[in-house]
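The primary structure of each chain is shown beneath.
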Amino acid sequence: LGRLDRVQWGVVPLVLLPIAVLAGHLEDLIAMTLLALAARGALRGDATASAIFVGLAIVTKQWALLAGPALLAMAPAGSRIRWCVMAGGIPVVSFGALLLADPDSTSRALFEGLVYPSVGHPALFVDPVEPLVGTPFRLAIVLVAGALGLLVARRPNPRSLLAAIG
């Protein structure tokens, strides 16, 4: 193993322990893996692979959408619309089918953002009394993700991409 490989494998327990073992959020681990594969595709110039992995990550966890602007910025200029259609099409088809089958419970699960801090390990920003992440907070996160995407677009290189999605 090279030096970089050892460093990468050294990071694995730092991610696995808190997310998978302590908090039991294996779906977050799957989404992070899919985003890592999307970043690898973007860095290799494979916009199709990048878009597919982002779409699958979004289906797994909605927060993966926040990596979209930075990964889109890494797509070649001529393929960005196709990238958006592919990355967005996977969740639209997946969630659209669920919304058609059961609109009430699916829309609550997708759009209300409830968390249950008494059951597990809550995020630091979650109030245990009122477990709802409000729209202003979500809007701020989306704006930050968009700003990071613009920064990556100005300097499309591996370092800026990994800083934006890392």
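In this convention, every chain numbers its residues from 1, walking through the sequence in written order. Given that the model is predicted, a residue must reach a pLDDT of at least 70 before its local features are reported, and side-chain atom pairs must reach 80 or more before they are shown or counted; all residues, however, enter totals for whole chains, interfaces and linings. Based on all heavy atoms of the structure, the side-chain values leave hydrogens and waters out of the count.

Draft legend 1. Up close: the nonpolar core. The definition of a nonpolar core used throughout is a set of buried Ala, Val, Leu, Ile, Met, Phe, Trp, Tyr and Cys residues joined through side-chain atoms within 4.5 Å. The rule is simple: take the accessible area with a 1.4 Å probe, protein chains only, and divide by the maximum for that residue type; under 20% is buried, over 50% is exposed, in between is partly exposed. Leu35, Val54, Leu71, Trp83, Val152 and Leu161 are the most contacted members of the largest nonpolar core, which has 22 residues in total. Put simply, the parts of the chain that give this core at least two residues each are α2 (26-43), α3 (47-60), α4 (68-74), α5 (80-101) and α8 (158-165). The residues touching Leu71, leaving out its near neighbours within four places in the chain, are Leu35, Ala38, Ala39, Ala42, Ser50, Val54, Trp83 and Leu161. The helix and strand labels rest on DSSP assignments: H or I over at least four residues marks a helix, E over at least two residues marks a strand, and numbering proceeds from the N terminus. Two residues form a contact once any of their heavy atoms are found within 4.5 Å.

Draft legend 2. View of α5. Compared with an ideal rise of 1.5 Å per residue, which puts 22 residues at 32 Å, α5 spans 31 Å between its outermost C-alpha atoms and is within 8% of the ideal. The bend reported for a residue corresponds to the angle between axes fitted to the seven residues ending at that residue and the seven starting there. For α5, the principal kink sits at Gly89 and spans about 30°; a proline, Pro91, occurs within the next four residues. Every buried residue of α5 is accounted for by Trp83, Ala87, Pro91 and Phe95. On the buried face of α5, the contacting elements are α3, α4 and α6 (103-111). A helix is expected to span 1.5 Å multiplied by its residue count minus one.

Draft legend 3. Highlighting the packing of α2 against α8. Axes, fitted as lines to C-alpha atoms, cover a helix only where it is in contact. Angles between the N-to-C directions of the axes lie from 0 to 180 degrees. Closest axis-to-axis distance for the α2/α8 pair is 11 Å, and the angle between their directions is 160°. Judged on the interaxial angle alone, α8 and α2 are roughly antiparallel. Crossing geometry of α2 relative to α8 is assigned as right-handed. Judged by residue contacts, Ala39, Ala42 and Leu43 of α2 engage Pro158, Leu161 and Ile165 from α8. Throughout, the term roughly parallel applies to angles under 35 degrees, roughly antiparallel to angles over 145, roughly perpendicular to angles from 65 to 115, and oblique to all others. Take the far helix as your reference; a near helix turned counterclockwise from it by less than a right angle gives a left-handed crossing, and one turned clockwise gives a right-handed crossing.

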